[in-house]
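So the chains spell out like this:
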Amino acid sequence: MTIAIDQITILAVGLIGGSLAKALKANGFSGEIVGWGRREVSLKKGLELGVIDRYSLDLNEAVKGADLIVVATPTLIAADMIKQLVSMVDEHVIITDVASVKGNLLVAAKQAFGKVPPNLVLGHPIAGSEQSGVDAAKADLFVNHRVILTPTEETNPDALQAVKSLWESTGADLVEMPVDEHDEVLAATSHLPHILAYTLVDALAGNPEQQNIFRFAAGGFRDFTRIASSDPTMWHEISLANRDALLKMIDTFSDQLGDLRQAIADGDSENIVASFTRAKSARDKFAQMLEEQQK
Ligand SMILES: NC(=O)C1=CN([C@@H]2O[C@H](COP(=O)(O)OP(=O)(O)OC[C@H]3O[C@@H](n4cnc5c(N)ncnc54)[C@H](O)[C@@H]3O)[C@@H](O)[C@H]2O)C=CC1
Ligand SMILES: O=C(O)C(=O)Cc1ccc(O)cc1
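Throughout this description, residue numbers start from 1 for each chain and increase along the sequence as written. Following the order in which they are written, the chains are lettered starting with A and the ligands numbered starting with 1. Since the coordinates come from a predicted model, pLDDT governs what is reported: local features require at least 70, and pairs of side-chain atoms require 80 or more to be given and counted, while whole-chain, interface and lining totals use all residues. As a rule here, side-chain values come from all non-hydrogen atoms in the structure, and water together with hydrogens is ignored.

An unreviewed UniProt entry annotates the protein as prephenate dehydrogenase originating from Oceanicoccus sagamiensis. UniProt positions are given in the numbering used here, feature names are shortened, and annotations may be inferred rather than shown by experiment. According to the UniProt record, the Pathway (unreviewed entry) comment for the protein is "Amino-acid biosynthesis; L-tyrosine biosynthesis; (4-hydroxyphenyl)pyruvate from prephenate (NAD(+) route): step 1/1." The UniProt entry for the protein carries this comment under Sequence similarities (unreviewed entry): "Belongs to the prephenate/arogenate dehydrogenase family."

Structure representation (structure tokens):
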């Protein structure tokens, strides 16, 4: 059965919540988009920018009449929001989210309700930037980008379909996978790279010679460290929410960095070149895949 979506309530209208609202409007969603948040200034800005149609600072009022609710708050807060919402709204109301980690939300829902509520469809757009806030929201942010949904056996297929259709209308490319796989893949491809970028910049910034170091940095440094400009609070939450998978990836990376250190110390050209060649080949394939995706 197709579920009609006439009102969407977005909880926290920041970069991702705001971009989803903009994308839906730009792609013909004719229903009402309601915003909720703690800070009236950013909701007012969302209204002025035409991102949302109205807002409320009161959660009960904001979700009243909603057919679908999108939790777009930071990752750790999303777990509390979902627990509150499931008790607050009727079970025909679809609840979805955009958080970067899924396991903590599944655990929170199971702990609170003994099972995953059928109307809860967890999701994650693999699109964004180092910027934050509704000012940075873009209608085309999700075009040709993956959105991962992590339904469980208990998920209502109609609710799943409604969330899929919502994201498809923004130009996104939908993929489904189990929660554990999602958190492992994202620890490797997104969370570890952010940790490395933050650590590199922090290590260099702690150097008394930092002024000179940054002045002479080339494009490679800029490419590698862009994501260290991301919101520290958001990434602190992601790191804690995906603790186990992230620790595993940090250990794997540390071991490999240790091996490379040893090869450099030993003047072991064969192993150094082999490591860089494997990496270049994998990176070239990735670049080619990206190019094909954007055609
Ligand atoms: N930034 C990115 O590139 C991506 C972020 N995500 C996820 O999307 C979610 C939102 O991130 P962004 O939109 O980038 O962040 P943002 O900082 O642009 O927006 C977050 C919003 O949450 C509100 N907020 C903060 N603390 C709150 C609280 N305690 N209660 C209620 N609202 C609160 C803020 O006022 C703001 O409006 C996060 O879970 C993040 O992990 C997912 C994909 C990409
Ligand atoms: O800025 C970038 O390159 C990102 O990696 C954006 C991003 C941040 C968090 C996510 O959960 C997904 C994508």
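Caption draft 1: Structural view of the packing of aromatic side chains. In this scheme Phe, Tyr and Trp rings, the latter by its six-membered ring, pair at centre separations within 6.5 Å, and the angle between planes marks the pair as stacked below 30 degrees, edge-to-face above 60, and tilted otherwise. Overall, the coordinates contain two aromatic pairs when judged by the stated rule. Geometrically, the ring pair formed by phenylalanine 142 and tryptophan 167 is edge-to-face, given 4.9 Å between the ring centres and 80° between the ring planes. Note that phenylalanine 142 is positioned in the loop between β7 (123-125) and β8 (146-149) and tryptophan 167 in helix α6 (residues 157-168), a separation of 25 residues in sequence. Both residues of the pair, phenylalanine 142 and tryptophan 167, count as buried. On the basis of an interplanar angle of 50° and a centroid distance of 5.5 Å, the ring pair of phenylalanine 214 and phenylalanine 221 is categorised as tilted. Relative accessibility thresholds used throughout: buried, under 20% of the residue-type maximum; exposed, over 50%; partly exposed, between the two (1.4 Å probe, protein chains only). Residue phenylalanine 214 is classed as partly exposed on the basis of its relative accessible area of 30%. We count a stretch as a helix when DSSP gives it H or I for four or more residues in a row; a strand needs E for two or more, and each element gets its number in order from the N terminus.

Caption draft 2: Geometry of a nonpolar patch on the surface. Like-charged residues are merged into a patch within 9 Å and nonpolar side chains (Val, Leu, Ile, Met, Phe, Trp, Tyr) within 5 Å, provided each residue has over 30% relative accessible area and no salt bridge. Only the protein chains shown count as cover for residues, and the accessible areas themselves come from Shrake-Rupley with a 1.4 Å probe. Any carboxyl oxygen of Asp or Glu within 4 Å of a side-chain nitrogen of Lys or Arg constitutes a salt bridge here. Residues Phe286, Met289 and Leu290 make up a contiguous nonpolar surface patch of about 250 Å² in total accessible area. Of note, methionine 289 is situated in helix α12 (residues 269-294). Given the relative accessible area of 43%, methionine 289 is considered partly exposed.

Caption draft 3: Layout of the domain arrangement of the protein. Domain annotation of the protein identifies domain 1 (7-176) and domain 2 (183-294). Taken residue by residue, the interface counts 17 residues in domain 1 and 13 residues in domain 2. Accessible surface is computed with a 1.4 Å probe, and the buried area is the amount of it that two parts give up when combined, taken over both parts together. Both sides together, the interface formed by domain 1 and domain 2 hides about 1,300 Å², and carbon and sulfur atoms give 57% of it. Looking only at domain 1, the three residues that lose the most surface to domain 2 are Leu76, Val101 and Glu130, adding up to 41% of its buried area. The tally of links from domain 1 across to domain 2 stands at one salt bridge. Domain extents, as shown, originate in an automatic or database domain assignment. In what follows, residue pairs with any heavy atoms lying within 4.5 Å of each other are defined as contacts.

Caption draft 4: Quick peek at the sheet that holds strand β6 (residues 120-121). Pairing between two strands requires that DSSP report at least two bridges joining them. Here we have six strands laid out as an open sheet, ordered β3-β2-β1-β4-β5-β6, and parallel in their pairing. Looking at strand neighbours, the two that pair on one side only are β3 (54-56) and β6, the edges of this open sheet. As paired elements, strand β4 (residues 68-71) and strand β5 (residues 94-97) share four bridges and run parallel to each other. Within β5, the position partnered with isoleucine 69 by the bridge is isoleucine 95. Helix axes use the C-alpha atoms of the stretch in contact, all axes being lines fitted to C-alpha atoms, and the angles between their N-to-C directions lie in the range 0 to 180 degrees. Strands in contact with helix α4 (residues 75-88) are β1 (7-11), β2 (32-36), β4, β5 and β6; relative to β4, the strand with the most contacts, it is inclined by about 160°. This element, α6, spans β1, β4, β5 and β6 of the sheet and lies at about 50° to β5.

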